[in-house]
Amino acid sequence: MAQQSVVTKTSGLIFGFAVDSLLKTPLPFVTVSISDQSSKILTASVTDEKGYFEFANAGEGEMIIRLSFVGYKTLSKSFIITNSAKSFDLGTIRLQQDLIQLKEVAVTGQKASVSLDLDKKIFEVGKDILSQTGSATELLNGVPSVSVGPSGVISLRGNSNVLVLINGRRSGLTQANALEQIPADQIERVEVITNPSSRYDAAGSAGIINIVLKKNKKAGFNGQLRLVGGIPNDNRISPSLNFKSEKVNLFATLGIRYSDYVGLYKTNQVTKDNDVSTFLNQRQDEKRHDDGKLLYVGADYLLNKKNTITAAFLKNATKDHDKTELLYQYASNTKTDSTLLRNGESWEKRDYNQLEFNYTKLFDRKGKKYSVDMQYDFWNSDKDWYLTTKKLLPTEQPPAFIRTGSIGSSKDFLLQTDLIQPLDSNAVLEFGLKVEKRNVTSLFKAEQQIDNRWAIIDNIDNDLIYDELIGSGYVQLKSKVGNLAYQLGMRTEYTRIEIEDRDHIYDRSRSYTRFFPTVHLTYQLTPNATFQGNYSKRINRPSLALLYPFNELTDFNARYVGNPQLNPSYADVFEFGFLKTGNVLTVNPSVYYQNNAGIIQDYTFRNGQGIFITSPVNIDRETRSGVELSVLYNPLKILQLNAELNAYRFKQTGWFQEHDFDYLGNALTSRISAQLKLAHQLGFQFRYNLISAQSNAQRHTAAIQNIDFGISKNLLKNTATVVFDITNLFNLRDFKTTTTGNNYLQTQIIRPNASRYRLTFLYRLNGMGNQAVRQAKRGNRE
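In this numbering scheme, every chain counts its residues from 1 along its sequence in written order. Restriction of local features to residues with pLDDT of at least 70 applies here, the model being predicted, together with a cutoff of 80 or more for giving and counting side-chain atom pairs; totals for whole chains, interfaces and linings are based on all residues. Think of the side-chain values as coming from all heavy atoms in the structure, minus any hydrogens and water.

## Topic: the overall build of the protein chain
For clarity, the cut-off: The way it works is that DSSP assigns letters per residue, a run of H or I at least four long becomes a helix, a run of E at least two long becomes a strand, and they are numbered from the N terminus. The quantity called the radius of gyration is restricted to C-alpha atoms. Its globule counterpart is 2.2 Å times the number of residues to the power 0.38. Residue exposure (1.4 Å probe, protein chains only): buried if accessible area is under 20% of the type maximum, exposed if over 50%, otherwise partly exposed.
Looking only at helices and strands, one finds three helices and 45 strands in the protein chain. Taking 28 Å as the expected radius of gyration for a compact globule of 782 residues, we find that the protein chain reaches 28 Å, a close match to that expectation. Structurally, the protein chain occupies a C-alpha span of about 105 × 55 × 45 Å along its principal axes. In the protein chain, which comprises 782 residues, the proportion classed as buried is 51%.

## Notes on the sheet that holds strand β31 (residues 600-606)
Worth spelling out the cut-off: Any two strands between which DSSP finds at least two bridges are classified as paired. For helices, the fitted line uses only the C-alpha atoms of the stretch in contact; every axis is such a line through C-alpha atoms, and the angle between N-to-C directions lies from 0 to 180 degrees.
Across the sheet, which stays open at both edges, the three strands sit in the order β28-β32-β31 with mixed pairing between neighbours. The open sheet has two free edges, formed respectively by β28 (558-560) and β31, since each of these has just one partner strand. The sheet shows a mean angle of 30° between the axes of neighbouring strands, taken without regard to direction. Of the pairings in the sheet, the one linking β31 to strand β32 (residues 612-618) comprises seven bridges and is antiparallel in character. Bridge assignment links Thr604 to a residue of β32, and that residue is Thr614.

## Considerations on the environment of Phe550
Position of Phe550 among the secondary structure elements: in the loop between α3 (544-547) and β28. Residues Phe550 and Leu443, 107 residues apart in the sequence, show an inter-C-alpha distance of 9.1 Å.

## Quick word on the pattern of salt bridges
A side chain of one charge can pair with a side chain of the opposite charge if their charged atoms are brought near each other. Here is the rule we go by: Salt bridge criterion: a side-chain nitrogen from Lys or Arg within 4 Å of a carboxyl oxygen from Asp or Glu.
Applying the stated criterion across every chain, the model contains 37 salt bridges. Close ionic contact of Asp708 with Arg687 constitutes a salt bridge, the shortest N to O distance being 3.3 Å. One end of the pair, Asp708, is in strand β41 (residues 704-715); the other, Arg687, is in strand β38 (residues 682-691), and 21 residues separate them in sequence. Just as Asp708 is buried, Arg687 falls in that class too.

## Looking at the sheet that holds strand β5 (residues 61-68)
With antiparallel pairing, four strands are arranged side by side in an open sheet as β3-β2-β5-β6. Looking along the sheet, the strands with just one partner apiece sit at the ends: β3 (41-46) and β6 (75-81). Put simply, the sheet's adjacent strands are angled 20° from each other on average, direction ignored. By the bridge criterion, seven bridges tie β5 to β6 in an arrangement that is antiparallel. When the sheet's bridge partners are listed, Glu62 is paired in β6 with Ile80.

## Details of the pairing of strand β21 (residues 369-393)
Pairing of strand β20 (residues 335-362) with β21, which is carried by 24 bridges, proceeds in the antiparallel orientation. Paired with Arg342 across the two strands is Thr389, which belongs to β21. Following β20, the chain reverses through six residues before pairing antiparallel with β21; Gly367 in that reversal takes a positive phi of roughly 90°. Pairing analysis gives 21 bridges linking β21 to strand β22 (residues 400-422), with the strands arranged antiparallel. Each residue of the ladder has a partner; that of Asp377, found in β22, is Asp412.

Quick look at the structure:
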């Protein structure tokens, strides 16, 4: 009987690179495992973006390394670790394409839905049917723990204090519903970072959502054409072309969109003045038409094996035409005694541009990397509203006319540099600097027609300048002791914000410096089971939308007014999680606790004219604790089930203008998704979302639910796909809110989008090429 080799634990290091045997390009996400001669797996991992892998504490003796990846032939290789060579360089390992398997991958291949890193969870878009059509906003509604409100506000775990990034950077495309302009099929993955490391901006007490756009992965010339038609009108054309060689990667995407949206808003309120009650029944019907054109072009150029530059340009231009009809029925007791009708029409043009540049340098020492990122955003917008108000009862009166105009522009420059420096076989030191300068100008004017002349309404005629400078630096150390990996970081940020308006009503200037420590611990129990504990300190700076003091006058009964006096809030965030992966079942439970000081919350009151004003204010504190569970279950090869549950409890304390904000409440969000793949390349997907009822000291929001459904069929030898999908099936997605004050009660029902039915056709050019080859560099974006 042959004697088996004995493997003894040591502090050795095994490392190497995985590349395509023909193209010589790096292969990321390759599964690499090391086993002893009895085939017992000692450790396992995956390659990074450069195809690099390494293992610490691998042991001594004769071992077998195994590399496997979808679309490639599995490779096994024996090697020996001796006492005199505790570290072993496997060099460059070339994997051969499996042409038979590649054909199957084009149809059935899909990445794991959930993966866990030291500081983030990654949700892969993969072959999800409902992600192949619609916009980025709709896709986010399908990401665990993420929800999008009726006005486009994105929340994470029920908390709207979240920082949304595109390719790892702040972008104007994340503001004011601009995510509607990004086709969902152009997104590769969404990274949900509930407790970011010091590498990331400290903004967002709820965490960070990073949207990573697709770039070319395939060698040679390839592309695709996507056509979408829908009811209500939703027509989209999205062609893309790419070319990739060993030295250059060219990519270009064009998106053209013509969409209509149908909205319904209802308000029932009762007010009491001098012991007299007045009732209002209000209905607003809205029709919105959006035209959008998006262009994204760029190139990665490999100067040599260690130096790469990337340059890209993104342009997004939109034209919106909206029409509203508001009917106001006033009554004392139960009989209508006054009726008004307001018709509104608006036109808006937006032009957003983004230039980006990256330089990445690799070194002879494995894992060492230096990068420089620059980004310049510039955009402008122009919006005009024309409003006509007419009294119908008790006697009809001539109409009154109002018009508003707003002109805005922004310039945002970012410069960032990062260095990753390995210290030894386990420890890595990382540090970087970043500066971002943002300047926004906004002019707003409201006028009413009086005797054939236009007069300013309530002195609403001003020009505001917002100037923001954020400079930051960070350092973090990552290392490993046995099965315990740790990452310790410290980030400091200097902030200077200046607000100045023409009439010097809202002038304000402030600057401050804060430190933000982070701690991330991961313990690998087995290759498929991981514990994780994190801590970070966060800041939530008021956005420009919350500071902006001007408001549109579409509804004369209610307005939203920003507050230039807002202060930032701060949060201490703790989280503990566990991830158990398997071929059939993957579970990811976690618990979290947030202690927020100076949180920002909306406050509604009636002004002297009886108009409802909603404005953000700072209150003392909020503590929040919760539990989250994600489950992926594959009982059959043709069936994938996914369920998410997030339940949390919160306590708020504070006063504002004699209003008590103390409140103790709880809430729950959940999502269930099922995807079925049948014969003849036919697929089905069903998704149900639920957000439970929740309240604070002034406002109660009813439960929100919606159903989405999709069906897909591959055609033309899998070079084409047809998808039919329905979002908000049965029109279930209503937002019902009840607001209570000292002398009023107001109930609102908002349905911003009716059910939408879409048919999508996708044709892939040279779509059977190498699915594994990725773009040359992403620099520091990931």
